[in-house]
Amino acid sequence: DRVLAVGDASGVQSPLSFGGFGALTRHLGRVTDAVADAVASDALDRASLTRVNAYAPNIAATWMFQKSFVHPVGSDRPSTFVNRLMRQNYENMRDLGDGVLRPFNQDVVQPRALLRVLGLATVRDPLNIPQLLRWIGPAELAEWLGHFGLMLAYDALHGAGVGQAVRAYAPRLPDKRHGF
């Protein structure tokens, strides 16, 4: 209770893409309003403060990338693995264009773009996939697939017009800045 992680410690953004500062500025108004509301209403218990930085499947999915890019101390993972993986993914994003690369570097991971990057990685470097799966492990892969599945669900709902329906109803809701 009464503890709120902010900045890189909050886990709201991936530390890999160096998009944390940009994300901080994008979310600053929402977060400061939510914290002010929490303090004013004495809603400082863990459950209430957790709502300040709500779950987002695209951000949760980026943590699997962190696991695949880290070379654990004492690991028998080849020292070239991380460089090969990063080089291949960034080459794929570059080749797929700025519409894929820029959002990823800003921690705005988009499911359809991610599918394209992963598909291209599988075609261009298929022998790296079994190694990647070995180093990630089945538990992390299952967790990531859950987050990725939710990303696809959110995207499908948005594409089906659910977002427009919510926006049409939004004027009757409290101020949208107060996501808390």
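Figured I'd write up the structure that's included with this text. (Residues numbered from 1 in each chain as written. Predicted model: local features only at pLDDT ≥ 70, side-chain atom pairs only at ≥ 80, totals over all residues. Heavy atoms only, no water.)

With that out of the way, let us pick up helix α5 (residues 98–105). Of all the positions in α5, only Val-100, Pro-103 and Phe-104 are classed as buried. Looking straight down α5, one finds that the buried residues subtend no more than 100° of arc, so they occupy a single side. Of the residues one or two after α5, Asp-107 is the one with positive phi, at around 60°. (Buried < 20%, exposed > 50% of the residue type's maximum accessible area, 1.4 Å probe, protein only. Helix = DSSP H or I, 4+ residues; strand = E, 2+ residues; numbered from the N terminus. Arc of directions from axis to C-beta.)

This brings us to the environment of Arg-46. Relative to the helices and strands, Arg-46 resides in helix α2 (residues 46–50). Among the residues examined, Arg-46 registers a relative accessible area of 65% and is labelled exposed. Along the primary structure Arg-46 and Leu-4 are separated by 42 residues, whereas in three dimensions their C-alpha atoms are 8.3 Å apart.

Contact pair helix α6 (residues 111–124) / helix α8 (residues 138–159): the axes reach a minimum separation of 9 Å and the direction vectors enclose 130°. Considering their axes alone, α6 and α8 lie oblique with respect to each other. On α8, the residues touching Pro-111, Arg-112, Leu-114, Leu-115 and Leu-118 of α6 are Trp-144, Phe-148, Met-151, Leu-152 and Asp-155. Grouping the amino acids of the contact of α6 with α8 by side-chain chemistry returns eight nonpolar, no polar and two charged. (Axes fitted to C-alpha atoms, helices over the stretch in contact; angles between N-to-C directions. Parallel < 35°, antiparallel > 145°, perpendicular 65-115°, else oblique. Contact = heavy atoms within 4.5 Å. Nonpolar A, V, L, I, M, F, W, Y, C, P; charged D, E, K, R; others polar.)

So, on to the nonpolar core. One recurring pattern in soluble globular proteins: nonpolar side chains tend to sit buried together. Judged by nonpolar contacts, the single largest core of 20 residues is most densely connected at Phe-65, Phe-81, Leu-114, Trp-144 and Met-151. For this core, the elements supplying multiple residues, two or more each, are α3 (57–69), α4 (81–96), α5, α6, α7 (128–136) and α8. (Core = buried A, V, L, I, M, F, W, Y, C linked by side-chain atoms within 4.5 Å.)

This part takes up the environment of Gly-146. Summarising the element assignment, Gly-146 is placed in helix α8. Note on Gly-146: relative accessible area 37%, which makes it partly exposed. Considering only alpha carbons, one finds Gly-146 and Ala-60, 86 residues apart in sequence, at a separation of 9.8 Å.

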